[in-house]
Amino acid sequence: MLLLALSAGVGARLGRRLRLPMWPLTGAILGGLVLTLVWPGAIDVPAGWRIVAQVLVGTAVGAAIEEGVLREFLGVLVPGALAVVSIIGIGVAAGLLIGATGHLDHVSAVLGMVPGGVGEMVASATALHANVPVVASMHVVRLVISLAALPLMIRCVTGLTRRAGEGRPDEEASRLSDSDDCSGR
């Protein structure tokens, strides 16, 4: 376990140097992945480690919620719930399509495609006797792609909302640089 923690730490440090998005998480994932790929045999992370990690993440998220957030949350509850149901539906449909190809059983494919935390989906895959390594791999890939795409998505949203909010004329909007939005101009 010490070697795994060291590998994840080295990955996080390298992620910071390479300016990876959300470097502590993406770097640690990649560091742990590298060790897993080169280590002979399976590496079992103790359940206690997973629980402590989830408690720490939950604590950080809970501490970030400030007064007034619940009021704001109520304003987006319905569209947010519709988005979550839509994303789950798309994940289930994609999983069923993958399962239909015969490359993976339907349960593993659905668990690999629906949104959720890696730990939770791996626990579900274990309980349902699905292909745990494939489900975990699908979620790690999803997580890395999401984290890598996040800065671009933020730039796009920021640039588009800034342009719409300020009501700039088209000439001025055309002078926006690539760093301001995702238009590519």
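Report on the accompanying structure. In this convention, every chain numbers its residues from 1, walking through the sequence in written order. Local features are withheld for residues below a pLDDT of 70 in this predicted model, meaning they are given only at 70 or higher, and side-chain atom pairs are given and counted only at 80 or more; totals for whole chains, interfaces and linings count all residues. Neither water nor hydrogens contribute to the side-chain values; these are computed over all heavy atoms in the structure.

Focus on the overall build of the chain
- Numbering of helices and strands runs from the N terminus; a helix is a DSSP stretch of H or I covering at least four residues, while a strand is a stretch of E covering at least two. Per the secondary structure count, the chain includes eight helices and zero strands.
- Scanning the chain from its N terminus toward the C terminus, one meets helices and strands in the order α-α-α-α-α-α-α-α.
- The cut-offs for exposure are 20% and 50% of the maximum accessible area for each residue type, with area from a 1.4 Å probe on protein chains only; residues under the lower value are buried, those over the upper are exposed, and the others partly exposed. In the chain, buried positions account for 22% of the 185 residues.
- The contact criterion used is simple: two residues touch if any of their non-hydrogen atoms lie within 4.5 Å. Counted over contacts in the chain with a minimum sequence separation of 6, partners at least 24 positions apart contribute 41%.
- Accessible surface, the chain as shown: approximately 12,600 Å² in total, 71% of it carbon and sulfur. Where accessible areas are quoted, they stem from the Shrake-Rupley method and a 1.4 Å probe; at the residue level, only the protein chains shown are allowed to cover.

Structural notes on the nonpolar core
- Only buried Ala, Val, Leu, Ile, Met, Phe, Trp, Tyr and Cys residues count toward a nonpolar core, and they belong to the same one when joined by side-chain atoms within 4.5 Å. Counting residues in each nonpolar core, the largest one holds seven residues, listed as Val110, Leu111, Val114, Met121, Ala125, Ala130 and Val135.
- At the level of secondary structure, the elements contributing two or more residues to this core comprise helix H5 (106-113) and helix H6 (118-127).
- The residues contacting Val135, other than those within four sequence positions of it, are Ser108, Leu111, Gly112, Met121 and Ala125.

Some details on the side chain of Ser7
- In this structure, Ser7 sits in helix H1 (residues 2-17).
- Setting aside anything within four residues of it in sequence, one finds Ser7 in contact with Gly31, Gly32 and Leu35.

Here we look at helix H4 (residues 69-100)
- The principal kink in H4, of about 55°, is found at Leu77, preceding the proline Pro79 by one to four residues.
- Buried within H4 are the following residues: Gly91, Gly95 and Gly99.
- Directly beyond the C-terminal end of H4, a positive phi value near 85° is found at Gly102. By definition, a residue's bend is the angle between the axes fitted to the seven residues ending there and the seven starting there.

Let's talk about the environment of Ile87
- Within the secondary structure layout, Ile87 lies in helix H4.
- Look at Ile87 and you get partly exposed, because its relative accessible area is 47%.
- In the structure, Ile87 is positioned 26 residues away from Met113 in sequence and 9.7 Å away in space, judged by C-alpha atoms.

Topic: the packing of H4 against H5
- Running from N to C, H4 and H5 point in directions that differ by 145°, and their axes come no closer than 7 Å. The chirality of how H4 crosses H5 is right-handed. Here Gly91, Val92, Ala94, Gly95, Leu96, Ile98, Gly99 and Ala100 of H4 lie close against H5, whose contacting residues are His106, Ala109, Val110 and Met113.
- Broken down by class, the residue content of the contact of H4 with H5 amounts to eight nonpolar, four polar and no charged. The axes are straight lines fitted to the C-alpha atoms, using for helices just the contacting stretch, and the angles between their N-to-C directions are given from 0 to 180°. For any helix crossing, the convention is left-handed if the near helix is rotated counterclockwise from the far helix by under a right angle, and right-handed if that rotation is clockwise. Under the grouping applied here, Gly and all other residues not named as nonpolar or charged are polar, the nonpolar ones being Ala, Val, Leu, Ile, Met, Phe, Trp, Tyr, Cys and Pro and the charged ones Asp, Glu, Lys and Arg.

Section: the packing of H1 against helix H2 (residues 23-38)
- Closest axis-to-axis distance for the H1/H2 pair is 6 Å, and the angle between their directions is 130°. Looking at the two axes, H1 sits oblique to H2. For the crossing formed where H1 meets H2, the hand is right-handed. Of H2, the residues touching H1 (which contributes Leu3, Leu4, Ser7, Ala8, Gly11, Ala12, Gly15 and Arg16) are Trp23, Pro24, Gly27, Ala28, Gly31, Gly32 and Leu35.
- Here the residues of the contact of H1 with H2 sort into eight nonpolar, six polar and one charged. What sets the label is the angle itself: under 35 degrees gives roughly parallel, over 145 gives roughly antiparallel, 65 to 115 gives roughly perpendicular, and the rest give oblique.

Overview of the side chain of Ser108
- Mapped onto the secondary structure, Ser108 falls in helix H5.
- On the accessibility criterion, Ser108 (0% relative accessible area) is buried.
- Polar contact is defined as a pair of N or O atoms within 3.5 Å, subject to the rule that within protein one atom must be able to donate a hydrogen and the other to accept it, and that residues adjacent in sequence are counted only when both atoms are side-chain atoms. Looking at Ser108, its side chain comes within polar contact range of the main-chain nitrogen of Asn131, at 2.7 Å.
- Here Ser108 is in contact with Ala130, Asn131, Val135 and Met138, once residues within four sequence places are set aside.

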